[in-house]
Amino acid sequence: MPSNSPYDWNESIQQRNEYIEDRLKDGSPVVALTYDGGLLLLSARQTQRKIYEIYDKLMFSAIGNQSDVEQIRVAAIDVAHAEGFQRSPDDVSVQRLVSFRLSPAIKKIYSDPFAQPVVLKGIFAEMGKTPDRDRLMLLSYDGEFSTTPDHAVVAGTAYAEDRMREHLKSETEAGTPTLEAGLRAALYAWGVGMKHLESEDRADADYSTDGEGPKDVTAFIKEHLGKGWIVEAGVLERDTTRESRFRLLSDSELTQTTSRYL
Amino acid sequence: MLRFDTPGAGGFADLFAEKPINYDRLPMPTPYPNVPGTRVVDTHGTTVIAVKYKDGLINVADRRATAGYAVMYDQAEKVLALDEFTLISISGSFAKSVEVVRYLRHAFKYFERSQLQPMSQDGKLMELQRVIANNVPAALQGIGAFIPVLSTYDRETNQGRIYFYDVLGGQFETAEYGAAGSGSAPIKGAFEYILKTKGPFREMDRETALRETLTLLDIAADLDTATGGSAKFLPAAKYITADGIRDFSEAEIKAALGR
């Protein structure tokens, strides 16, 4: 073992964190929130798809190394389907999946100094029978997880996440938004997070909220969409006659949201 | 634990390869009271019908589940959705059928979710054939045989397709109609009579096609003890179009039955 003393252990964890955080910091943020007809996940991407269906009422998105995201995604799908088939779809819950299956496995890899750590910060969104039973779970590269109601975000830095949450909180204070309002708030929050990530790269980053004015963020989102970034949004619908509750929103459903930035 | 080493290939059954499910240990309902001297008979008889109509496909089925001469249940659901555009109508062992449907639904969804593309039409048909073929030993023992009729709407060519099967998993595509169950043999001639006198089902509108199929089901109920009539509970009736699967409403079914 390389960790001969508490100091060595500390050092190795520190280096691991730096390595992982460095790879996470460029990730395009993801926003999850409850809207009046279900749950919404939104992000923007350049090429690779980011929002995935895991099970009947469960979806997932993450930032991180694509290969790691893919491994966790497939592992989650395996666990959910095996359980759903052998017991019942109602017994597949995000709480069981994340806290008993995924988290211990990730933690084990993270704690092994010889293993390549899982570079990932993900959101699992589970739709309940009623809005108050919706559950959003964050899962991190060290196996740490947490549950949040109403909305959740992942971004490359804690500061960017804070700023995004702040905006989402003020947007959802008035009550559960409609899909249209939810999309608008989510995309705006994405812009806030992404903008901070990019400015934090600079040496003169000032960690103020100055650049968060509607004009700045709007210009920032406009610039990215102009450069070919694609807004991707997936929903789980509570009341639908369709066989699948999950679907990715089509371009035409997103136009109303994205046209503000044309 | 998580299979971090194997890349997923989309095979749902592979999930259980290392730890197979022990079916013997699953609690199954006893289909008939275990009185000494009573032969345990699997629930069997039924009539399920699938026809093409102008905009897609219609599936109807009676709702009776039997074991030998006993009526077990009068509200069985024998027309089940496998995915958004595929219905399977089941005849034979009810327990086995329900389990197979559960398996196929999971297998199709598992493939689509893990591989990020839906399983092809042919892939789905092959999966069903394999399941039926794997069930041959049970069928030969006289327990757990099941024979489905599969209806699927092909969105590539915008037309419905109907397949029926033999007990070994052989698959046959039919141009007009498919039927299975103990009540299907007695009404075979009636299908042909309708085709000759009223024209093909695939040219009928939805109301007409529903009326004809429910009439056929009614005749089957008259001629076959194991097929339930519509007096106590309405038959099951669903249709598939380019928009997916829908249930016929109670009012539509009653109207088609002339009530």
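Residues numbered from 1 in each chain as written. Chains lettered and ligands numbered in written order. Predicted model: local features only at pLDDT ≥ 70, side-chain atom pairs only at ≥ 80, totals over all residues.

**Some remarks on the overall build of chain A**
In terms of helices and strands, chain A carries seven helices and 10 strands. For a compact globule of 262 residues, the expected C-alpha radius of gyration is about 18 Å, and chain A comes in at 19 Å, within 12% of that figure. Dimensions of chain A, computed from C-alpha atoms along their principal axes, come out at roughly 60 × 55 × 30 Å. Looking at chain A alone, contacts between residues at least 24 apart form 67% of all its contacts between residues at least 6 apart. (Helix = DSSP H or I, 4+ residues; strand = E, 2+ residues; numbered from the N terminus. Rg over C-alpha atoms; globule rule 2.2 N^0.38 Å. Contact = placed C-beta atoms within 7 Å.)

**Section: the overall build of chain B**
Looking only at helices and strands, one finds six helices and 12 strands in chain B. Looking at chain B as a whole, 42% of its 259 residues qualify as buried. If you take every contact in chain B between residues at least 6 apart in sequence, the share linking residues at least 24 apart comes to 68%. (Buried ≥ 20, exposed ≤ 12 C-beta atoms within 10 Å, placed from the backbone.)

**Notes on the sheet that holds strand S2 (residues 56-61) of chain B**
In a beta sheet, neighbouring strands pair by backbone hydrogen bonds and run either parallel or antiparallel. All names here are of chain B. Read across the sheet, five strands follow the order S10-S1-S2-S11-S12 without closing on themselves; strand pairing throughout is antiparallel. Two strands lie at the open edges of the sheet, namely strand S10 (177-180) and strand S12 (244-247), each paired on one side alone. For this sheet the average axis-to-axis angle between neighbouring strands, irrespective of direction, equals 15°. Of the strand pairs in this sheet, strand S1 (residues 48-53) and S10 are connected by four bridges, and their pairing is antiparallel. Bridge pairing in S10 links Val48 to Ala180. Relative to S1, helix H5 (residues 206-223) is tilted by about 155°, and along the sheet it contacts S1, S2 and strand S11 (236-241). (Pairing = 2+ DSSP bridges. Axes fitted to C-alpha atoms, helices over the stretch in contact; angles between N-to-C directions.)

**A short note on the pairing of strand S9 (residues 171-174) of chain B**
All names here are of chain B. By the bridge criterion, four bridges tie strand S8 (residues 159-165) to S9 in an arrangement that is antiparallel. Its bridge partner being in S9, Phe164 is matched across the sheet by Phe172. Where S8 folds back on S9, the antiparallel hairpin that results is connected by five residues, among which Gly169 adopts a positive phi of roughly 100°.

**Quick word on the environment of Leu33 of chain A**
Residue position: Leu33 of chain A is located in strand S1 (residues 30-35). With near-sequence residues (within four places) excluded, Leu33 of chain A lies in contact with Leu40, Asp150, His151, Leu168, Thr172, Gly182 and Ala186 of chain A.

**Concerning the interface of chain B and chain A**
Each partner contributes residues to the interface: chain B has 17 residues there, and chain A has 17 residues. Listed by contribution, the elements that provide at least two residues to the side of chain B that touches chain A are strand S5 (79-83) and helix H1 (94-115) of chain B. A breakdown of the residues in the side of chain B that touches chain A according to their chemical character gives eight nonpolar, four polar and five charged. (Nonpolar A, V, L, I, M, F, W, Y, C, P; charged D, E, K, R; others polar.)

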